[in-house]
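One letter stands for each residue in the lines below.
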Amino acid sequence: MIGRKNMGRGSPFLLVLLSFGFFFATYNVLTLIMHYKSSNSGDGLDLSDPVTQMPDEVKNIGNSKSRFHVALTATDAPYSQWQCRINYYWYKKMKDMPRSDMGKFTRILHSGKTDYLVDEIPTFVVDPLPEGLDRGYIVLNRPWAFVQWLEKATIEEEYILMAEPDHLFVNPLPNLAHGDNPAGYPFFYIKPVQNEKIIRKFYPEKYGPVTNVDPIGNSPVIIKKSILEEISPTWVNISLRMKDDPETDKAFGWVLEMYAYAVASALHGVRHVLRKDFMLQPPWDLEIGKKFIIHYTYGCDYSLEGKLTYGKVGEWRFDKRSYLSGPPPKNLTLPPPGVPESVVRLVKMVNEATANIPGWDP
């Protein structure tokens, strides 16, 4: 694996990046949503025990008490900017509440230049991948951004939360990591065992069973900074190799970089504590409860009678993709009666943020 000492601009590592070719694969989002619906009861994830995986060596170790740095990668596109503003608003609301272990905050901007939000949101600018290298798969910039940030920035906290712009902190978030074992969220569509043939291209049998590859992405994850520093170059390498392999690219589509993080972690012998309560995803998860992050990646479409109309634009809807070119307006209409609490809370949180963030102009 390529070490951190070789990650500078103009380094051999960058020349390796330039040697890869890429092909962008389209992922069938509707199929993904239907799978989610069929694989979960109408009650959302069972939170009677939020821990779905606890490695044996950490069962007697309590949660880490150290504060974690909140880091999210972003572009300077309007679609990313308005999400980052709302994310940062709720970070500030939750940061100093009881049971929160949140430390400082950084938006890692991988556009190579500053934007108008640098005075509003703590921002660290890094370079994107060389032009054309991502072939439209913009998420491929994410691991490369973390490599640069970890190399160049001064980060006081021992732990890091890898977050995303479309995350809302709905409850104070403690440090869920257990020592050297990061905390992650189990995604229903990340299935290393079912994709063993492909996973073995990047995680050979000599490293152990394919079950060592956790069913996670890189976000949300709370991880020791020192461990992320070791994983990140491998994460970049695996992402590039996966994207360069047509079979893998076609199979994993837009979640390819998530699989790459899971494989990179396994190659370094890192196992995650899996927490179902780390995050909820409306409209499929219905209640907030004691969960910590709302991830509003799915469109929420309903009839005026409060019936979910997945796959079809509803009479009432909230979908972040409706605002690709600019922010949503203030005071969005609330969902009709009968819509789940998770969706109602999501819209109320967006409305509160847009009402209080200075200069919010749709």
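Read on for a plain summary of the structure.

Rules used in this analysis
Position labels on residues start from 1 in each chain and follow its written sequence. Confidence filtering applies because this is a predicted model: local features only for residues at pLDDT of at least 70, side-chain atom pairs given and counted only at 80 or more, and all residues used for totals across whole chains, interfaces and linings. For side-chain calculations, the full set of non-hydrogen atoms in the structure is used, while hydrogens and water are omitted. Centres within 6.5 Å are what make two rings of Phe, Tyr or Trp a pair, Trp counting through its six-membered ring; a difference in plane orientation under 30 degrees is then read as stacked, over 60 as edge-to-face, and the rest as tilted. Under the scheme used here, helices are H or I runs from DSSP no shorter than 4 residues and strands are E runs no shorter than 2 residues, and both carry numbers assigned from the N terminus. The classification of residues rests on relative accessible area computed with a 1.4 Å probe and restricted to protein chains. Under 20% of the type maximum is buried, over 50% is exposed, and intermediate values are partly exposed. Strand pairing is defined by DSSP finding a minimum of two bridges between the two strands.

## A few points about the packing of aromatic side chains
With the rule as written, the count across this model stands at 20 aromatic pairs. Pairing Tyr88 with Phe105 gives two aromatic rings, centres 4.8 Å apart and planes at 55 degrees, and the pair type is tilted. Of this pair, Tyr88 sits in helix H3 (residues 78-94) while Phe105 sits in strand S3 (residues 102-109), and the two are 17 residues apart along the sequence. Phe105 shares its class with Tyr88; the two are buried. Pairing Phe252 with Tyr259 gives two aromatic rings, centres 3.7 Å apart and planes at 5 degrees, and the pair type is stacked. On the basis of relative accessible area, Phe252 is assigned to the buried category, the value being 1%. Judged by relative accessible area, which is 3%, Tyr259 ranks as buried. Three or more aromatic residues joined by ring pairs make a cluster, and in this case those are Tyr79, Trp82, Tyr296, Phe318 and Tyr323.

## Observations regarding the sheet that holds strand S10 (residues 279-280)
The strand order S6-S11-S10 describes an open sheet built from three strands, whose pairing is mixed. Two strands in the sheet have a free side with no partner beyond their single neighbour: strand S6 (167-169) and S10. Inspection of the sheet shows S10 paired to strand S11 (residues 293-295) by two bridges, in the parallel sense. Bridge pairing links Met279 to Ile293 in S11.

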